[in-house]
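# Report on the structure
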Amino acid sequence: MSSAVVVGTQWGDEGKGKIVDYLAENADVVVRYSGGSNAGHTVMAHGKTYKLHLLPSGILYKNKICIISNGVVLDPEKILEEINGMKAQGIDTSNLRISTRAHVIFPYHKAIDALQENALGANKIGTTQKGIGPCYSDKTSRVGIRVCDLLEPKELYEKLKVNLEFKNNVLTKLYNAEPFELEPMYQQYLQYAQELKPYIADTSLILQENLKKKKNVLFEGAQASFLDLDHGTYPYVTSSNPIAGGVCTGAGVSPKAVGTTIGVVKAYSTRVGEGPFITELNDHIGEHIRERGHEFGTTTGRPRRCGWLDAAVVKYAANLNGLDYLAITRLDILDELPIIKMCVGYKLNGQKIDYIPASLNELAQCEPIYEEFEGWQEDITNVRKYKDLPKKAKKYLERLSKLTNTELGIVSVGPSREQTMIMCDIF
């Protein structure tokens, strides 16, 4: 058996989609184990750009089993849009499998998501308003509707009726919003069920069978470590566990099934939404990075907040996920900068600290401790071997490796598969 987990080490948008797409060439199974359509992966392949939200990045390869597992919350409308979009571009989706145990997003989840966010006003979380949080809330409250329920019309009707009675009370009495009608929604989801039926399966069983056969399995995380519900900058987080530990519950496999862990690190920092961001650059450098890196959300289109690379954040993620290797992306975005900074730690009340505060009030008071590096100021997009990178670029990367006590495994200098340097064996 050989398996690998790809996780984000920052606040998402690190380029995990590209890394998964690259590694998927040697995988037999690619598994999405958390999140929902609030995630967005942009992958360049076959001379085209593909924007994926629910489909695993391995879908672009033929003969790979691609799994949406039980830890994902599934929006039937969105997954069918993606499937049909792929078919229209000549991409075969017949090897997609969707877990019977995945929870389903309904229109009332999206409505409540938007209304809750609006009601928070200045204290808003910055959600994508895709219904992710309310769906996970129903899952935790044990009133959720799962994919398996879609295949049982009577069960679906009864569960949807109970849910709508409660949700409509919330919508009308708390938010003064319009209620939803049962019958149209029921009929729509019966239709979704028929279209999705060929893909629905017990994905945990499929995974366990492939692991026993010693097939190469690639687990694909959505979002990132600092958006983890338990370990991120709560409450400005997602509603699931995208860290490597989430693989076991999110995919239905034993901890023994988790092999090599790869942490994807953007060569600078970005985040979408609210919350403390210690290295944020609200100046011309931040704007330069945003424009050069096209830092706008794949799912929302929102401009991302940009800043210097925070090695303290990456070190935290390295320890949390048990990283074996770092996969550095978007190094080329820094090509033009004469001076590049890296945050190597924090000061709180004038004292250096060796931890990241759980309290957001304390975190917001932290000051970054920076080290400066001379920029390489040359185009690296055509470099294909690590040894051929400019010395100044290698100095920057190797300092990060030392600070995080994690080996460099992959370096990316552009969006295409060819612009990827591999320095380790994954499978």
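Quick caveat: nothing in here was measured; it's all calculated off a predicted structure.

Time to look at the overall build of the protein. Broken down by element type, the protein carries 13 helices and 20 strands. Relative to the globule expectation of 22 Å for 427 residues, the C-alpha radius of gyration of the protein, 22 Å, shows essentially globular dimensions. Considered along the principal axes of its C-alpha atoms, the protein spans approximately 65 × 50 × 40 Å. Every one of the 427 residues in the protein was classed for burial, and the buried ones make up 57%.

Bringing the pairing of strand β7 (residues 96–99) into the picture now. As paired elements, strand β5 (residues 65–68) and β7 share three bridges and run parallel to each other. Note that in β7 the partner of I67 across the bridge is R97. Of the pairings in the sheet, the one linking β7 to strand β9 (residues 200–201) comprises two bridges and is parallel in character. By the bridge assignment for β9, I98 is matched with I200.

As a further point, take the packing of aromatic side chains. What the rule picks out here adds up to nine aromatic pairs. When the centroid spacing of 5.4 Å and the interplanar angle of 90° are considered together, the rings of F373 and Y396 count as edge-to-face. Of this pair, F373 sits in strand β18 (residues 367–374) while Y396 is found in helix α13 (residues 391–404), placing the two residues 23 residues apart along the sequence. With relative accessibility at 1%, the residue Y396 sits in the buried group. A connected cluster of aromatic rings, assembled from ring pairs, spans W11, F226, F277 and Y316. Stacked on the ring of Y61, the Lys or Arg K64 has its end atom at 5.6 Å from the ring centre.

This part takes up the packing of helix α2 (residues 76–88) against helix α7 (residues 182–196). Across the interface, α2 lies against α7 with an axial gap of 10 Å and an inter-helix angle of 40°. Compared by their axis directions, α2 and α7 come out oblique. Along this stretch, α2 crosses α7, giving a crossing that reads as left-handed. Residue-level contacts link P76, E77, I79, L80 and I83 of α2 to Y189, Y192, E195 and L196 of α7. By residue class, the composition of the contact of α2 with α7 is seven nonpolar, no polar and two charged.

Inspection of every chain in the model, using the stated rule, returns 21 salt bridges. One salt bridge in this structure joins E371 and R399, with 2.6 Å as the shortest N-O distance. With E371 in strand β18 and R399 in helix α13, this residue pair connects regions lying 28 residues apart in the sequence. A salt bridge links E374 to K392; the shortest N-O distance between them is 2.9 Å. Residue E374 is found in strand β18, and its partner K392 is found in helix α13; the two are separated by 18 residues along the sequence. Through salt bridges with shared partners, a single network forms among D13, K266, E295, R304 and R330.

A few words on the nonpolar core. Among the nonpolar cores identified, the biggest contains 56 residues, and I79, L96, I98, F106, L160 and L218 are the most heavily contacted of them. The greatest single-element share of this core, amounting to eight residues, is contributed by α7. Apart from the residues lying within four places of it in its own chain, the contact partners of F106 are I145, L150, L156, L160, M185 and Y189. Counting residues in each nonpolar core, the second largest holds 53 residues, with L281, C306, L334 and Y396 among its members.

Moving on, we get to unusual backbone geometry. A cis amide bond, omega 10°, links Y234 with the succeeding residue P235. If you check the backbone angles, N63 has positive phi at about 65° while not being a glycine. As for its position among the elements, N63 is in the loop between β4 (48–52) and β5.

What counts and what doesn't
Residues numbered from 1 in each chain as written. Predicted model: local features only at pLDDT ≥ 70, side-chain atom pairs only at ≥ 80, totals over all residues. Heavy atoms only, no water. Helix = DSSP H or I, 4+ residues; strand = E, 2+ residues; numbered from the N terminus. Rg over C-alpha atoms; globule rule 2.2 N^0.38 Å. Buried < 20%, exposed > 50% of the residue type's maximum accessible area, 1.4 Å probe, protein only. Pairing = 2+ DSSP bridges. Phe/Tyr/Trp six-rings, centres within 6.5 Å; stacked < 30°, edge-to-face > 60°. Lys NZ or Arg CZ within 6 Å of the ring centre and 35° of its normal. Axes fitted to C-alpha atoms, helices over the stretch in contact; angles between N-to-C directions. Parallel < 35°, antiparallel > 145°, perpendicular 65-115°, else oblique. Left-handed = near helix turned anticlockwise from the far one by under 90°. Contact = heavy atoms within 4.5 Å. Nonpolar A, V, L, I, M, F, W, Y, C, P; charged D, E, K, R; others polar. Salt bridge = Lys/Arg side-chain N within 4 Å of Asp/Glu carboxyl O. Core = buried A, V, L, I, M, F, W, Y, C linked by side-chain atoms within 4.5 Å.

These values are about where atoms sit, not about what they do.
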